[in-house]
Amino acid sequence: MKVTRLSVNINKIATLRNARGGSIPDVVKAAVKCQEFGAEGITVHPRPDERHIRYQDVRDLRSVITTEFNIEGYPSQRFIDLVLEVKPHQVTLVPDSHDVITSNQGWNVIKYEDFLKEVIKGFQQAGIRTSLFVESDLTQIERASATGTNRIELYTEPYARNYAENHEKAISPYVRAAKWALELGLELNAGHDLNLTNLRYFSKNLPGLLEVSIGHALISDALYYGLEKTIQLYLEQLQ
Ligand code: PXP
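A quick note: this is a predicted structure, and the numbers were derived from the prediction, not measured. (Residues numbered from 1 in each chain as written. Predicted model: local features only at pLDDT ≥ 70, side-chain atom pairs only at ≥ 80, totals over all residues. Heavy atoms only, no water.)

### Considerations on the overall build of the chain
- A count of helical and extended segments in the chain gives 11 helices and 8 strands.
- Its C-alpha radius of gyration of 17 Å places the chain within 12% of the 18 Å reference for a compact globule of 239 residues.
- Considering only C-alpha atoms, the chain reaches an extent of 45 × 40 × 35 Å along its principal axes.
- A burial count over the chain gives 50% of its 239 residues as buried.
- Of the roughly 11000 Å² that the chain leaves accessible, carbon and sulfur atoms contribute 50%.
- Charge centroids of the chain, computed over 27 positive and 30 negative side chains, lie 2 Å from each other. (Helix = DSSP H or I, 4+ residues; strand = E, 2+ residues; numbered from the N terminus. Rg over C-alpha atoms; globule rule 2.2 N^0.38 Å. Buried < 20%, exposed > 50% of the residue type's maximum accessible area, 1.4 Å probe, protein only. Areas by Shrake-Rupley, 256 points an atom, 1.4 Å probe, with all protein chains shown as cover. Lys, Arg positive; Asp, Glu negative; His and termini not counted. Charge placed at Lys NZ, Arg CZ, Asp CG, Glu CD.)

### Quick look at the site of the ligand
- Taken together, the neighbourhood of the ligand is formed by 16 residues, with S103, E153, D193, G215 and H216 sitting nearest.
- At 3.3 Å, a side-chain N or O of H45 approaches an oxygen atom of the ligand.
- A distance of 2.8 Å separates an oxygen atom of the ligand from a polar atom in the backbone of D193.
- Against a free-state accessible area of 400 Å², the protein chains account for coverage of 94% of the ligand.
- Comparing atom positions with the cavity grids shows the ligand to sit within the largest pocket.
- Of the residues assigned to the shell around the ligand, the class counts are 3 nonpolar, 9 polar and 4 charged. (Near = heavy atom within 4 Å. Polar contact = N/O pair within 3.5 Å; in protein donor to acceptor, adjacent residues only side chain to side chain. 1 Å grid on protein atoms, 1.4 Å probe; cavity = no way out; pocket = protein on both sides within 12 Å on 5 of 7 lines; lining within 4 Å. Sits in = over half its atoms within 2 Å of the grid points. Nonpolar A, V, L, I, M, F, W, Y, C, P; charged D, E, K, R; others polar.)

### Points about the layout of surface pockets
- What the largest pocket holds in volume is close to 540 Å³.
- Together, 25 residues line the largest pocket, and N9, K12, T102, H192 and H216 are the ones closest to its centre.
- Where the lining of the largest pocket is concerned, the elements lending two or more residues are α1 (11-20), β8 (209-214) and α10 (216-225).
- Among the elements that line the lining of the largest pocket, the one with the most residues is α1, at 3 residues.
- Considered class by class, the residues forming the lining of the largest pocket number 6 nonpolar, 13 polar and 6 charged.
- Of the pockets and cavities examined, the second largest pocket occupies roughly 230 Å³.
- Taken together, K12, I13, T15, L16, P25, A30, I219, S220, A222, L223 and L227 make up the full set of residues lining the second largest pocket. (Points joined across faces, edges and corners; volume = space filled by probe spheres on them.)

### Some words on the side chain of Q140
- Position of Q140 among the secondary structure elements: in helix α6 (residues 138-146).
- With residues up to four places along the chain from it excluded, the contact list for Q140 reads W107, N108, V109 and I110. (Contact = heavy atoms within 4.5 Å.)

### Digging into the nonpolar core
- Judged by nonpolar contacts, the single largest core of 69 residues is most densely connected at L6, I10, L93, L132, I152, L154 and L206.
- Looking at which element gives the most residues to this core, the answer is helix α8 (residues 167-183), with 7 residues.
- Among all residues touching I10, those that are not within four sequence positions of it are V27, A31, C34, I42, T43, V44, I53 and L61. (Core = buried A, V, L, I, M, F, W, Y, C linked by side-chain atoms within 4.5 Å.)

### Re the sheet that holds strand β4 (residues 90-93)
- If you walk around this closed barrel you meet the 8 strands as β1-β2-β3-β4-β5-β6-β7-β8, and the pairing is parallel. On average, each strand axis in the sheet is inclined to that of its neighbour by 25°, with strand direction left out of account.
- Summarising the sheet, strand β5 (residues 129-134) and strand β6 (residues 151-155) pair through 4 bridges and their orientation is parallel. Each residue of the ladder has a partner; that of S131, found in β6, is R151. (Pairing = 2+ DSSP bridges. Axes fitted to C-alpha atoms, helices over the stretch in contact; angles between N-to-C directions.)

### Looking at helix α3 (residues 55-62)
- Of all the positions in α3, only Y55, D57, V58 and L61 are classed as buried. With its buried residues spanning 160° around the axis, α3 presents them on a single face.
- Looking at the packing, one finds that the buried side of α3 touches α1, α2 (27-36), β2 (41-44), β3 (68-73) and α4 (77-86). (Arc of directions from axis to C-beta.)

### A closer look at the side chain of H45
- Mapped onto the fold, H45 is located in the loop between β2 and α3.
- Its relative accessible area of 3% is what places H45 among the buried residues.
- Engagement of the side chain of H45 in a polar contact is seen with the side chain of E72, the distance being 2.6 Å.
- With near-sequence residues (within four places) excluded, H45 lies in contact with N11, I53, E72, G73, V94, D96 and S103.

### Details of the packing of aromatic side chains
- The tally for this structure, following the rule as stated, stands at 10 aromatic pairs.
- An angle of 65° between the planes, with centres 5.2 Å apart, marks the rings of F133 and Y155 as edge-to-face. Of the two residues, F133 is situated in strand β5 and Y155 in strand β6; the sequence distance between them amounts to 22 residues.
- Residue Y155 is classed as buried on the basis of its relative accessible area, which comes to 6%.
- Taking the centre distance of 5.6 Å and the plane angle of 65° together, the rings of Y159 and Y163 count as edge-to-face. Taken together, the residues Y159 and Y163, both in helix α7 (residues 157-163) and 4 residues apart, mark about one turn of the helix.
- In this structure Y163 comes out as buried when scored by relative accessible area, which is 12%.
- Of the aromatic side chains, those joined through ring pairs into one cluster are Y159, Y163, Y174, Y201 and F202.
- Its end group placed over the ring of Y55, R78 keeps NZ or CZ at 3.8 Å from the ring centre. (Phe/Tyr/Trp six-rings, centres within 6.5 Å; stacked < 30°, edge-to-face > 60°. Lys NZ or Arg CZ within 6 Å of the ring centre and 35° of its normal.)

So this is what it looks like as structure tokens:
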């Protein structure tokens, strides 16, 4: 039985568009196609400098998302206002500083607990499910639970980096983290550097994994296989 949903992160489509200016490729059309080809969610990550997805893209996407809309980002006031305006199904909070190329760490929930509690409360009052991007550290996960968040998203870059050397060793901290999160009553997402090589093993072995969000590798694979075939290949990994 398949329980893990595939959310396609379309930031890379916007990056390609922005390289030339203009509107090709069209991110709204790409989102529609991803859903038509089987994606079970669309993720966007508007960064403060809008170098990938722009704030206006997020607004334009709202009416075409028929699956799950997930907006990720650092909760600046501008980001919070955008999310409250657009009202996606889920908001994933990441601790990115302005200048990072891509998300490269989970929250230090211990340090930012009060801030996160406040932000999470605001989103939940607006009917938006929250997810906190965290590493597999058990204490951080325990504090994440204390913020009142509905879900956590496990940052899988270390898993992806260590996968080739030793699958079991690479996944074991995540299995421990997942079990702990479930025990605390948290729901579970995961993402970062998941791909056609490492995804099946991760989804098969991680208890309670509800959603993966995948961008870089999936959009790159679409260059080789086409978007439709690529999404099917990723969905097969989650069977
Ligand atoms: N999850 C979060 C919180 C992210 O910031 C990103 C990258 O934007 C992803 C998942 C997807 O990572 P990747 O592009 O490596 O698949």
